[in-house]
Amino acid sequence: MNKKLVFKNQLGDVRYVVLAQEKDYTPQLEEVFAISKGYGFSVDMTEKAILIKDYFAGETRAKFEIISFEDCELPVNLNQTSVEEFLS
C-alpha cells in the first residue's frame, strides 16, 4: 500500500503525490522537489509540514502545509498533481 500526501503549495494550490510506503520518504521527497545532494538544500517532513531547508544558512526556505497523509491504492507518483486534476 502506498501513501497519498496532500499538501498546499506557496501559492495556495492543493497538490498531491503518492509515495512508496516501503521506501524512505526523504529521497522520494527530494525527487518531488528536485533537490539534488551537494546543492545546499535538504527536505524534511514533520506531521504538519514539508520543509525545504538551506543547510548552509540553516534556514527554512519553503514550507508546505500537509493537509493529509493517508494509505491509498494509487500507484507511486512523484509528480506534483493538482487535486482538481485528480477530481476531474
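Summary of the structure given here. (Residues numbered from 1 in each chain as written. Predicted model: local features only at pLDDT ≥ 70, side-chain atom pairs only at ≥ 80, totals over all residues. Heavy atoms only, no water.)

Comments concerning the nonpolar core
Nonpolar side chains tend to gather and get buried jointly when the protein is soluble and globular. If you look at the biggest cluster of nonpolar residues, it comprises 15 residues, and the most contacted ones within it are L5, F7, F33, V43, I50, I52 and F64. Put simply, the parts of the chain that give this core at least two residues each are β1 (2-8), β2 (14-20), α1 (25-32), β4 (49-54) and β5 (59-72). Of the residues forming this core, the biggest block, three residues, is contributed by β5. Aside from chain neighbours lying at most four places away, what touches F33 is F7, V43, I50, I52, F64 and Q80. Within the second largest apolar cluster, five residues are counted, among which are V6, Y16, C72 and V83. (Core = buried A, V, L, I, M, F, W, Y, C linked by side-chain atoms within 4.5 Å. Buried < 20%, exposed > 50% of the residue type's maximum accessible area, 1.4 Å probe, protein only. Helix = DSSP H or I, 4+ residues; strand = E, 2+ residues; numbered from the N terminus. Contact = heavy atoms within 4.5 Å.)

Here's the deal with the side chain of S82
Locating S82 in the fold gives a position in strand β6 (residues 77-82). On the accessibility criterion, S82 (9% relative accessible area) is buried. Not counting residues up to four positions away in its chain, the partners in contact with S82 are V14, R15 and Y16.

A closer look at α1
Residues spaced three or four apart along an α-helix face the same direction, because each turn holds 3.6 residues. Among the residues making up α1, those that are buried are Q28, L29, E30 and V32. If you check the start of α1, you find a side-chain oxygen 3.4 Å away from the backbone N of T26, and it comes from D24. Where α1 ends, the next residue or the one after it, A34, has phi of about 55°, a positive value. (Polar contact = N/O pair within 3.5 Å; in protein donor to acceptor, adjacent residues only side chain to side chain.)

Observations regarding the pairing of β1
The buried count for β1 comes to six of seven residues, which makes it a mostly enclosed element. Two elements, β1 and β2, share seven bridges in a ladder whose sense is antiparallel. The partner of K8 across the bridge, within β2, is V14. Counted along the chain from β1 to the antiparallel partner β2, the turn is five residues long, and its residue G12 has a positive phi close to 90°. (Pairing = 2+ DSSP bridges.)

Examining the side chain of D54
On the secondary structure map, D54 appears in strand β4. Here F56 takes part through its backbone nitrogen, which lies 2.9 Å from a polar atom of the side chain of D54. Here R61 takes part through its side chain, which lies 3.1 Å from a polar atom of the side chain of D54. Once residues lying within four places of it in the same chain are set aside, the contact partners of D54 are G40, F41, E59 and R61.

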